[in-house]
Structure formats: structure tokens, C-alpha cells
2 protein chains.
Amino acid sequence: MAATRPTMKDVAAEAGVSTMTVSRVVNGDSAVAPRTAARVEAAVRKLGYQRDDVARQLRRTHQLSQIIGLLVDDVTDPFMAAVASAAEDVARQRGSIMLIGSSRADPRREREVIAAFTARRVDGLILTPAAGSHRFLRPAQAQGTKIVCVDRAAPGLDVDAVVVDNFGAVRAAVAQLVTHGHRRIGYLGDTPKIWTFGERRRGYLAALRAAGIAADPALVRDGVRTGPEAAAAVTGMLALPDPPTALLAGNELLAFGALTTAPGDLAFVAFDDFALAARLTPPVTVIAQDPVALATSAAHLLFARIHGDVSPPRTVVMPTRLIRRGSGELPGPFAA
Amino acid sequence: MAATRPTMKDVAAEAGVSTMTVSRVVNGDSAVAPRTAARVEAAVRKLGYQRDDVARQLRRTHQLSQIIGLLVDDVTDPFMAAVASAAEDVARQRGSIMLIGSSRADPRREREVIAAFTARRVDGLILTPAAGSHRFLRPAQAQGTKIVCVDRAAPGLDVDAVVVDNFGAVRAAVAQLVTHGHRRIGYLGDTPKIWTFGERRRGYLAALRAAGIAADPALVRDGVRTGPEAAAAVTGMLALPDPPTALLAGNELLAFGALTTAPGDLAFVAFDDFALAARLTPPVTVIAQDPVALATSAAHLLFARIHGDVSPPRTVVMPTRLIRRGSGELPGPFAA
């Protein structure tokens, strides 16, 4: 009998209370009178009682909805599609299913989607946050909904995030364009209020600054969201008296749009690799990241949180790779 | 007072029963004693009582989970991503949220995903069915889960489907390749057990037959699923003693793979339009369909079913368009 672990029942008998009361005390429920709690604690110490955390975890798991929610900007963005596919794979491995919703980069729509998800008691959320503060998620978080960001940090919210070094990657790519003799370098991005685009824009400006090139507002286009908008922005830049000789497109959709009008002699770097990049003339130099690795890591972090990981929030930074295919290495007018 | 519609209360007073009993009788609940039911029915007739179907529908809507499930092959296929995005938009308009799951073309995984969805009591399913019979869905259907197929019919299941004329579209495209002087025409597709690929393959064979060309098994590659597999298949065909002079790729992913290795003088037609098709050398001729229109139509059909449309299942066929950009119009060795 000495080898048998004491149970909650033993503690209750020792303290002269119900097992419910013991349960409340060991789970930190403040509804128990201090005197009773002290008696239970004494019994716990005397018997060497330990909570059965495995059984507890099983009960907890049983109460989970086993539904997670994924919020993307737009799943027709190939980067987001890869994120969705990888997140669903992890959810499936973990016995959960996945809701998907799109913000379309609209903070109001984002809030509505998230509210609809939390109303269905999702265990957790994987977010590619839209622009602006995400303080509005704090109540959901306080009520136990786990949140992990992927691709972007969420300003105003203290949660895990899995991202790449957008700033450093763009700074290096633009620095390379400068090295190849370019000084008039255009930039296309969505609003810098979206964390990722803010970082990419900062990287662009830092590279220019480091090279002693004054940024020309006519060459910096923010808030570009669709392929046709990107194409129009490029057409506009090329019509300038002093047009750019190089261009950085902030994501795949913008690159596709820009490439429909950009002439072949415009040096070009795109953020995100894409299927036909090597097949274009000239082949397209890209900053590649791995959306599957980002999303897989984010989803595993989320399930760790759902299953009780209470360590402080962390930011995981994954590598990028500049793939030099030719378009980013076209010489500019100041080439040595 | 004569103009006021009688209420359930009036019927209850007339029959000398509770409104609950009236409700049970008018809703066909068999738990009411026949004698009581007869008294209620007499009161209904006498007062000319009619059920308030609007209120009833509201109550019914209230019992819905307001969750639909979308099953795709793989959301990284741009066609499927467009389907997912459009279906979510309709779900949102209709006050529902959407689960997403991928079959990865694996019928077993498909069943598991659908079982997980129906266990969460989805109101309905939008499916791009994997290969094989879908009879297994009949019990879910009998229990009230509404099902609509998009892109593909589901053999063995009598449900609504929104598709294009895959057979006719491919037959016309291959007939055009023949007209331009090609007789050695390759075909790349996934398994013909997937309805869409079965139809496309049939269209290819029908065009060859109509032109008096014997199909060469070495030029017909089924079960090709990824870009790298498509690239390898093309490399294999081009190494034949009598290689093809033209090629039809059965979807966008296969086209991307094929285009990484296909030489520029190989006539080429792809099923599905894609962002950079016009930018390649030569520009790529495609069979375009409209995934947004297909999915929007399918989702609206699904919500009509969820909200009580019990008309016989229908198949909606949407148009395709052959966009001649150059690669499909390259002359072959038998050009006039």
C-alpha cells in the first residue's frame, strides 16, 4: 500500500472535506474558505499528494473544441495558400480541423472573422494580422484562446510569432541593386501598417540611406494590393522624366502585376519565389522564404500553447535566401 | 378583428389544449394522443389557422451550425485557392463560417476530412471530389447534410454539381493543334478516376480519333500530380525516338512543371489560365475557366439547399474559353 500514490479521495478523507473541495484548492480556485484551504493543503503535504497531470490533461483535451481558426489576407495569394495548406496538415496530425477566413487586408473584416471564430470556441487562432493594433484580441486571449502569428507580428498583442527578417532581406537585395549600378530603384508594397510591408519598406529605405541615395517619393508606392494596381504603378513610374532602372516588388501578387508591364531591361527583384520565375526572360531574382516551414512552425507552437505551454511568448525568425537568377543582376547606369 | 390571422394561442383556446400541444400537432409530432390531435386539427380547420412559416424558418435557421465545410484537393493549386476564396465570400455573406480540408487526391484522407466535418455538424459541404465512388456520403446526406460538388461530379452520389465542359474544351483545343499541323500530341493529366481528368482525357482521345490519329500510349501520361512529376514526364516524352511536337497540360500545376523543361518550339496548351501566361516566351495558350464563378454558384446552391430548396439535383455547366496567345498556334510538321 505504501507504493500506491495517494488520491484526491485520500486527501479529502484526511482533511475531512469533499473531493470537490480538494479539487478546488489544488486548482487554485479562490472560492474555498482560507481555513478550509489551509486544512486541505496540510493534508496534501502530509500524504505527499500530487495532481495527476496526465489525467488532468486528458480531461482538458476532452473539453477542447478541436477546431482552430486560420486568418489569412487572401488565400489566392500563393504564399497564403502555402501557409493554409501547411497549417491544415499540422491541425490534422493533431486531431483538429481548421476554419479559414480572409481579412482581405481589411481590419474590420478581420475582426468579424475572428469574432465568428471565437464564437465557435476555437481552441486557437493562427493569424496573418491585418494593419493596425490587435489589442482587440486581448479579451479572447484572456478567455483562453491561444494565438500565434505567422508572417507578421501583431502590434499591441503579446503572442508568439513566426516571421522572417524582412528588413534585412530587402536591405540586402536593394544593396545588391546599388552594387550593380542602380540609383533609381522603385519599391512596390502594400500599406506599411501591415507589419511585413513596414519592415520591407524600412529595409529598402535603409539600403538607400547606406548608399547615400535620397529616397524619391515618386518611386515608393505603398498601399498597392492587386496585380493590376502594381502594373499601373510600374507604368506610372516608367513615365517619369527620370524613371527607375530597378524595381523591388514586395510580394508575389505585386510581382506578377509588375511583370505584365515591366520591360525586360528593368532590373527586378521580387519578394517570394514563384513557380515560373526561372522561365521568364530574364529569369527573375527573388527573395525566397519557406511558407511551409513558417506555417508548420506556427501551427506546432499553437498546439503547444493549446496543450498547456505557458512559457513567455517568443518570436521565431526563419531564414530567407536571395536567389540570383538574372533580373536582379542586370547592370544599371552606374555599373562599374 | 376578422382581418387578424388566428394564432396558435387561438387554436389552443378553441381546442382546450396548451399551445405546446398545438405546436406538436401542426409539426407532425406523433407523441400527441390521436383524440387530442383530432381536436386540434378541427380547431385549425375551424379558425383557418396557418403555420407562420417565416417564423418557423427563423427557428430552423437558429438550429443551424452556420458552419460549412469545403473539401479541396490542395489549396496550393491556384484553381482551388480561387474556389476557396470565393466560397468563403459567399459563406460570409450568408452568416456562416467555413472549414477547409484537403484530400491531397487521397480518397482515404478525403473520407477522414469529411467525417471530421460532419462530426462538427456542418450544415453543408462543398466538395471537389477525389477519385472513386462517393456513395459513402449517402448516410450523411440522409441525415440532412447538404452537398454540392464544384469542378467535378461525384460518382455514386446524386447531388448538385457546378462544372465546365471539360470534354468539349479539351477536344476543341486538341483539334486546333491538329489543324496547326501536329499529329504527335502529348497529354499530361492526373488520374482519370478523378472526374475532371477523366473528361479531359476523353476529350483529348476524341479529338485524335476525329482526326484519324492513333493514340500513342507513350504520349499519354495519367496520374501526374506535381510540377516535378510533370517536368519528368515531358523530359521522358521528348527523349522518345518520335517525340511529341505539341503538348496539352491538364491543369495549372502540371503546366508549371512542364514549362520548366519544355522547349520554346513545343506547341503547348494548358488547362486553366495563370498570371504570367502572357509573359512567357512564347506566350501560353490556355483553356480558361472562371473558378470564382464556379465556386460562387456552387456556394449559393448549397445555401439554397440548406435553406430548404428540395428541388431535384442539378448540374450547372459553365463556359470555358480558349485564349490563343501563341504557344498553341505554333505550326507543326504537317502544317499546311
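Here we summarise the structure given alongside this text. As the structure is a computational prediction, the values presented were derived from the model and not from experiment. (Residues numbered from 1 in each chain as written. Chains lettered and ligands numbered in written order. Predicted model: local features only at pLDDT ≥ 70, side-chain atom pairs only at ≥ 80, totals over all residues. Heavy atoms only, no water.)

Some words on the interface of chain A and chain B
No. 1: At the interface, 38 residues of chain A touch 37 residues of chain B.
No. 2: A buried area of about 3200 Å², summed over both sides, lies between chain A and chain B, and 55% of it is on carbon and sulfur atoms.
No. 3: Taken together, the connections running from chain A to chain B amount to 20 residue pairs in polar contact (both at pLDDT 80 or more).
No. 4: Counting residues per element, the ones that place at least two in the side of chain A that touches chain B are helix 5 (78–93), strand 2 (97–102), helix 6 (107–119) and helix 11 (252–259) of chain A. (Contact = heavy atoms within 4.5 Å. Buried area = accessible area lost by both parts, 1.4 Å probe. Polar contact = N/O pair within 3.5 Å; in protein donor to acceptor, adjacent residues only side chain to side chain. Helix = DSSP H or I, 4+ residues; strand = E, 2+ residues; numbered from the N terminus.)

Quick word on the nonpolar core
No. 1: Leu188 and Phe274 of chain A together with Leu188 and Phe274 of chain B are the most contacted members of the largest nonpolar core, which has 154 residues in total.
No. 2: Leu188 of chain A has contacts with Arg221, Val224, Ala230, Ala233, Val234, Met237, Leu247, Leu248, Ala249, Gly250, Leu254 and Ala258 of chain A, leaving out every residue within four places of it along the chain.
No. 3: Membership of the second largest hydrophobic core comes to 40 residues, among which are Val113, Ala116, Ile147 and Leu157 of chain A. (Core = buried A, V, L, I, M, F, W, Y, C linked by side-chain atoms within 4.5 Å. Buried < 20%, exposed > 50% of the residue type's maximum accessible area, 1.4 Å probe, protein only.)

Some points on the relation of the copies chain A and chain B
No. 1: Superposing chain A onto chain B requires a rotation of 179 degrees together with a translation of 0.3 Å along the rotation axis, leaving an RMSD of 1.2 Å. Read as a symmetry element, the transformation amounts to a two-fold axis. Taking the C-alpha atom as reference, chain A places Leu99 of chain A closest to the rotation axis, 1.6 Å from it.
No. 2: A high fraction, 97%, of the interface residues of chain A reappear at the interface in chain B, so the copies pair face to face through one surface. (Least-squares fit on C-alpha atoms with pLDDT ≥ 70 in both.)

Re unusual backbone geometry
No. 1: Cis peptide bonds are those with omega within 30 degrees of zero, and the linkage from Thr281 of chain A to Pro282 of chain A qualifies with -10 degrees.
No. 2: Positioned with a positive phi, Arg121 of chain B is a non-glycine residue whose angle comes to about 55 degrees.
No. 3: Position of Arg121 of chain B among the secondary structure elements: in the loop between helix 6 (107–119) and strand 3 (124–127).

Regarding the side chain of Arg305 of chain A
All names here are of chain A.
No. 1: Structurally, Arg305 can be placed in helix 12 (residues 291–306).
No. 2: A distance of 2.6 Å separates polar atoms of two side chains, one belonging to Arg305 and the other to Asp160.
No. 3: A distance of 2.6 Å separates the side chain of Arg305 from the backbone oxygen of Ser311, its partner in a polar contact.
No. 4: When neighbours within four sequence positions are excluded, Arg305 is seen to be in contact with Lys146, Asp160, Val310, Ser311, Pro312, Pro313 and Arg314.

A few points about the side chain of His134 of chain A
Residue and element names in this part refer to chain A.
No. 1: Relative to the assigned elements, His134 resides in the loop between strand 3 (124–127) and helix 7 (138–142).
No. 2: Polar side-chain contacts of His134 include one of 2.9 Å to the side chain of Glu110.
No. 3: Not counting the four nearest positions on each side in its chain, His134 is found in contact with Glu110, Pro129, Ala154, Pro155, Gly156 and Leu157.

Overview of the pattern of salt bridges
No. 1: One pass over the structure, following the stated rule, counts 34 salt bridges over all chains.
No. 2: The partner of Glu199 of chain B in a salt bridge is Arg202 of chain B, with the nearest N and O atoms 3.2 Å apart. Remark: Arg202 of chain B and Glu199 of chain B occur in helix 9 (residues 195–210); sequence separation between them is three residues, near one turn of the helix.
No. 3: Owing to a relative accessible area of 17%, Glu199 of chain B belongs among the buried residues under this scheme.
No. 4: Each of Glu88 and Asp89 of chain A together with Arg104 and Arg109 of chain B takes part in a single network of salt bridges with overlapping partners. (Salt bridge = Lys/Arg side-chain N within 4 Å of Asp/Glu carboxyl O.)

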